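Secondary and tertiary structure notes
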Amino acid sequence: MQEYHPVKEGKVREVYDNGESLILVATDRISAFDAILKNEIPKKGAILTQMSKFWFDFTKELIPNHMLSMDAADMPEFFHSERFCGRSMLCKKLEMLPIECIVRGYITGSGWASYQENGTVCGIKLPEGLLESDKLPEPIYTPSTKAEIGLHDENISYERSVEILEKLYPGKGAEYAAQLRDATLAIYKKCAEYALTKGIIIADTKFEFGLDEKGQVVLGDEMLTPDSSRFWPLAGYQPGQAQPSFDKQFVRDWLKENPDHDLKLPDEVVTKTVDKYKEAFALLTGTPFSNQ
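Quick look at the structure, then. (Residues numbered from 1 in each chain as written. Predicted model: local features only at pLDDT ≥ 70, side-chain atom pairs only at ≥ 80, totals over all residues. Heavy atoms only, no water.)

Some thoughts on the packing of helix α5 (residues 249–257) against helix α6 (residues 267–285)
For the record, the criterion: Axis definition: a line fitted to C-alpha atoms, over the contacting stretch in the case of helices. Angles run 0 to 180 degrees between N-to-C directions. Each helix corresponds to a stretch of at least 4 residues labelled H or I by DSSP, and each strand to a stretch of at least 2 residues labelled E; elements are numbered beginning at the N terminus. Comment on the angle field: the value is read as roughly parallel under 35 degrees, roughly antiparallel over 145, roughly perpendicular from 65 to 115, and oblique elsewhere. The contact criterion used is simple: two residues touch if any of their non-hydrogen atoms lie within 4.5 Å. Each residue receives one of three labels: charged for Asp, Glu, Lys and Arg, nonpolar for Ala, Val, Leu, Ile, Met, Phe, Trp, Tyr, Cys and Pro, and polar for the others, Gly being one of them.
Where α5 contacts α6, the two axes come as close as 10 Å, and the packing angle between them is 155°. It follows that α5 is roughly antiparallel to α6 by the angle criterion. Contact residues: α5 offers Phe-250, Val-251 and Trp-254, while α6 offers Val-269, Lys-272, Thr-273 and Lys-276. For the contact of α5 with α6, the per-class residue count stands at four nonpolar, one polar and two charged.

What about the environment of Lys-60?
For clarity, the threshold we go by: Burial classes follow relative accessibility: with a 1.4 Å probe on protein chains only, a residue under 20% of its type's maximum area counts as buried, one over 50% as exposed, and anything between as partly exposed.
Examined against the element boundaries, Lys-60 turns out to sit in the loop between α1 (44–59) and β6 (67–69). For Lys-60, a relative accessible area of 48% puts it in the partly exposed group. Lys-60 sits 127 residues away from Ile-187 along the chain, and the two C-alpha atoms are 10.0 Å apart.

Here we look at helix α2 (residues 109–118)
The cut-off we apply is this: An arc is given here, and it is the one of the directions from the helix axis to the C-beta atoms.
Within α2, burial applies to Gly-111, Trp-112 and Tyr-115. Buried residues of α2 fall within an arc of 100° about the axis and therefore sit on the same side. Residues of α2 that are exposed and point over 90 degrees away from its buried face: Ser-110, Gln-116 and Glu-117. Tucked inside the fold, the buried residues of α2 contact β9 (99–106) and β10 (120–121). Where α2 terminates, the next one or two residues include Gly-119, which has phi positive at roughly 80°.

Re the packing of aromatic side chains
Cut-off, in case you're wondering: Working definition: rings of Phe, Tyr and Trp (its six-membered ring) pair if their centres are within 6.5 Å, and the pair is stacked with planes under 30 degrees apart, edge-to-face with planes over 60 apart, and tilted otherwise. Definition used: whenever NZ (Lys) or CZ (Arg) falls within 6 Å of the ring centre and also within 35 degrees of the ring normal, the charge is taken to sit over that ring.
Under the counting rule described, the total for this entry stands at 20 aromatic pairs. Between Phe-54 and Trp-55 the ring centres are 5.2 Å apart and the planes differ by 75°, which places this aromatic pair in the edge-to-face class. Judged by centre distance (5.9 Å) and plane angle (90°), the rings of Tyr-106 and Tyr-237 are edge-to-face. Separated by 131 residues along the polypeptide, Tyr-106 in strand β9 and Tyr-237 in the loop between β16 (229–233) and α5 bring together distant segments of the chain. Over the aromatic face of Phe-58 sits the side chain of Lys-190, whose NZ or CZ is 4.7 Å from the ring centroid. Seen from the ring of Phe-250, Lys-276 lies directly overhead, with NZ or CZ sitting 5.2 Å from the centre.

Structural data, given as structure tokens:
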């Protein structure tokens with residue numbers, strides 16, 4: 001049996017070259033504040049992968065995505081073991097674009113801090129009088145750069161995203177930047193409306209896109225997972241305060257409250273994080289999580 005080794009490793013994912021395709025494997029690692037924590041979150045990688053599959057299927061009529069299959073039978077024998085079960089996705093090869101496509105439907109986190117300071121989020125002027133966790137009049141697109149592990153992403157203006165893409169693709173920068181913005185907002189609106197019917201507010205999220213062999217913009221990476229999004233329970237939602245969450249904000253909050261953490265979570269935080277991810281999966285997909 002041929003052995004495979006990752007050609008690229010991110011904070012959470014491993015990427016394997018499969019000739020004309022790629023195999024993306026989501027590990028159980030978890031990152032926060034641009035650092036990988038020492039703990040793993042059991043089953044997390046499978047939950048993220050299967051949730052991404054749900055959303056890729058849900059939005060495939062809106063925009064093409066990179067998913068080809070999650071069936072192990074479509075992958076080399078090396079990926080048939082329990083180690084890769086439920087967490088591996090066969091994907092199209094894309095030339096990934098160097099922009100993190102962030103959309104914010106509610107004001108929270110760093111956006112709330114910025115608004116309190118000067119009434120803006122990533123340079124976008126917002127109405128006066130907003131409360132923490134308020135729904136914005138319209139979702140806003142706030143792109144950032146994609147940083148290497150250990151470095152911080154940098155918020156950029158839409159105009160700067162045009163410049164970055166124009167430098168890489170002369171004559172196409174404005175077109176690609178507009179496609180990224182419009183696709184990000186359209187996907188968010190469709191999925192956020194659906195999530196509300198399942199009792200979940202998607203406060204914000206990020207997407208990544210790439211180009212296929214025809215130069216078409218294609219959705220890649222992960223999609224609307226607890227790692228890439230803020231999920232809040234609709235029940236009990238109350239602007240004017242921070243909200244409970246189904247996502248890794250719970251981990252971030254614990255780390256902030258325990259500055260001597262040394263990047264290690266206590267067992268009860270690990271268990272609660274797994275439970276939150278599973279609950280979000282069941283609510284959004286309508287089926288309990290199963291790693292079979």
